[in-house]
Amino acid sequence: MAAKKYTLLIIPEGSHRVRRYALPRKKLQCILVACVLAATGLFAMTTDYVLTNLDQTELARLREENQQQRSDLQRLVAGLEGLQREMTLLSQNDAKVRVMAQLTRSESDALVGVGGPPEIDNSDSFSEVQRRIDEMRRDIDMRRESQEEIQGFLNDQRSMLSAIPEGLPAKGWLTSSFGMRTSPFTGKRKFHEGFDIAARTGTPVYATADGVVSKAETVPGYGKLVVVDHGYGYRTYYGHNSKFYVRTGDRIKRGDLISAVGNTGRSTGSHVHYEVRRNDVPLNPKNFM
Ligand SMILES: [Zn+2]
């Protein structure tokens, strides 16, 4: 740029009047610099405006998200509180059942009343919720163990109940009861270890409890004898039968047909000799009616 002065011509369209401006070089330089500065400034302002606007949008979105998360958390907490209330009810029920079943366990006693209105500390809600979830998982494990124990206990009770002899094995007339009596064979006083139930030969004889047939064979004195092992130390004897309907090793239920009344062995007439033994000690069948 060597010229000292520049001329700016402005020619409006459809007119012959031409405007001309004489511009010294310095002035032109100033104008150009001013233009560049103005453009830069405008660009910076525009950028700033756009960015600020974006930030605002982002902030609003984050705020909304935060709000959403807070209400989600609140719902979660409410759900958790509901679950905890149910857990408390469950442990109270559990404790009642344990009392009824006379089962004792210190931890489960300690669990009774655990729960109550939960208070969530808002300063650290998420870890608090996590803590509560862990706590509940432990509770649930304990409850499961307890339930299994109760179930096992009830099963034992049930099998024990069905293992204890109950009632008479045959329909008939009680002709001789448990205790000392004069032997119909020797005329001497002798202990009678069971009940004699007189009935017609062939009358069905039923097991008085669940068990396994441990003997179904002819034995001196007893004649055709069935012995049923019920577990828990209980055994029942059914003597003088005419017929067997079971074999050694058969699993039977209370009320199952096992034999027919007869007059085999040392017997003075058709009857079933019935004994209840525990740990091989004869017990009075009267106590098992
Ligand atoms: Zn007898």
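None of the values given here were measured: they were computed from a predicted structure.

Q: Help me understand the coordination of the zinc ion in this model?
A: Geometrically, a metal with four donors at the corners of a regular tetrahedron has ideal angles of 109.5 degrees, and one with six donors at the corners of a regular octahedron has ideal angles of 90 or 180 degrees. Distances from the zinc ion to its protein donors, His-192 (NE2), Asp-196 (OD) and His-273 (ND1), fall within 1.9 to 2.2 Å. Read N to C, the donor residues that coordinate the zinc ion are spaced as H-x3-D-x76-H. With a gap of 81 residues between them, His-192 in strand 5 (residues 189-192) and His-273 in strand 13 (residues 271-278) connect regions that are remote in the sequence. His-273 matches His-192 in its accessibility class, with the two residues each being buried.

Q: I'm lost on the pattern of salt bridges in this one. Help?
A: Pairs can form between side chains of opposite charge whenever their charged atoms are close. A complete count under the given rule lists 16 salt bridges for this structure. A salt bridge links Glu-58 to Arg-61; the shortest N-O distance between them is 3.2 Å. Separated by three residues within a single helix, Glu-58 and Arg-61 lie in helix 1 (residues 25-100), roughly one turn from each other. The class of Glu-58 is partly exposed, set by a relative accessible area of 37%. Residue class for Arg-61 comes out partly exposed when judged on its relative accessible area of 43%.

Q: In this structure, what is going on with the packing of aromatic side chains? I would like to understand it.
A: The geometry of an aromatic ring pair comes down to the distance between the two centres and the angle between the two planes. Scanning the entire structure with this criterion turns up four aromatic pairs. Ring centres of Tyr-222 and Tyr-237 lie 5.9 Å apart, and the angle between their planes is 40°; this geometry places the pair in the tilted category. Here Tyr-222 is found in the loop between strand 8 (211-219) and strand 9 (223-231), whereas its partner Tyr-237 is found in strand 10 (residues 234-244), with 15 residues between them in sequence. Each member of the pair, Tyr-222 as well as Tyr-237, carries the same accessibility label: buried. Seen in terms of ring centroids, Tyr-238 and Tyr-274 are 5.4 Å apart; in terms of plane orientation they differ by 40°. Their pairing is tilted. Highlighted residues: Tyr-238 in strand 10 and Tyr-274 in strand 13, separated in sequence by 36 residues. Given a relative accessible area of 0%, Tyr-238 falls into the buried group.

Q: Looking at this structure, I do not really get helix 1. What am I missing?
A: Since there are 3.6 residues in each turn of an α-helix, residues three or four apart along the chain are aligned in direction. Compared with an ideal rise of 1.5 Å per residue, which puts 76 residues at 112 Å, helix 1 spans 110 Å between its outermost C-alpha atoms and is within 8% of the ideal. Taken together, the buried positions of helix 1 are Leu-73, Val-77, Leu-80, Gly-82, Gln-84, Met-87, Thr-88, Ser-91, Asp-94, Ala-95 and Arg-98. One or two steps after helix 1, the chain reaches Gln-102, where phi turns positive at roughly 55°.

Each value, and the rule that gives it
Residues numbered from 1 in each chain as written. Predicted model: local features only at pLDDT ≥ 70, side-chain atom pairs only at ≥ 80, totals over all residues. Heavy atoms only, no water. Donors = N, O, S within 2.8 Å, 3.2 Å for Na, K, Ca; no water. Helix = DSSP H or I, 4+ residues; strand = E, 2+ residues; numbered from the N terminus. Buried < 20%, exposed > 50% of the residue type's maximum accessible area, 1.4 Å probe, protein only. Salt bridge = Lys/Arg side-chain N within 4 Å of Asp/Glu carboxyl O. Phe/Tyr/Trp six-rings, centres within 6.5 Å; stacked < 30°, edge-to-face > 60°. Expected span 1.5 Å × (residues − 1).

Keep in mind that these numbers describe shape and distance, not what the molecule does.
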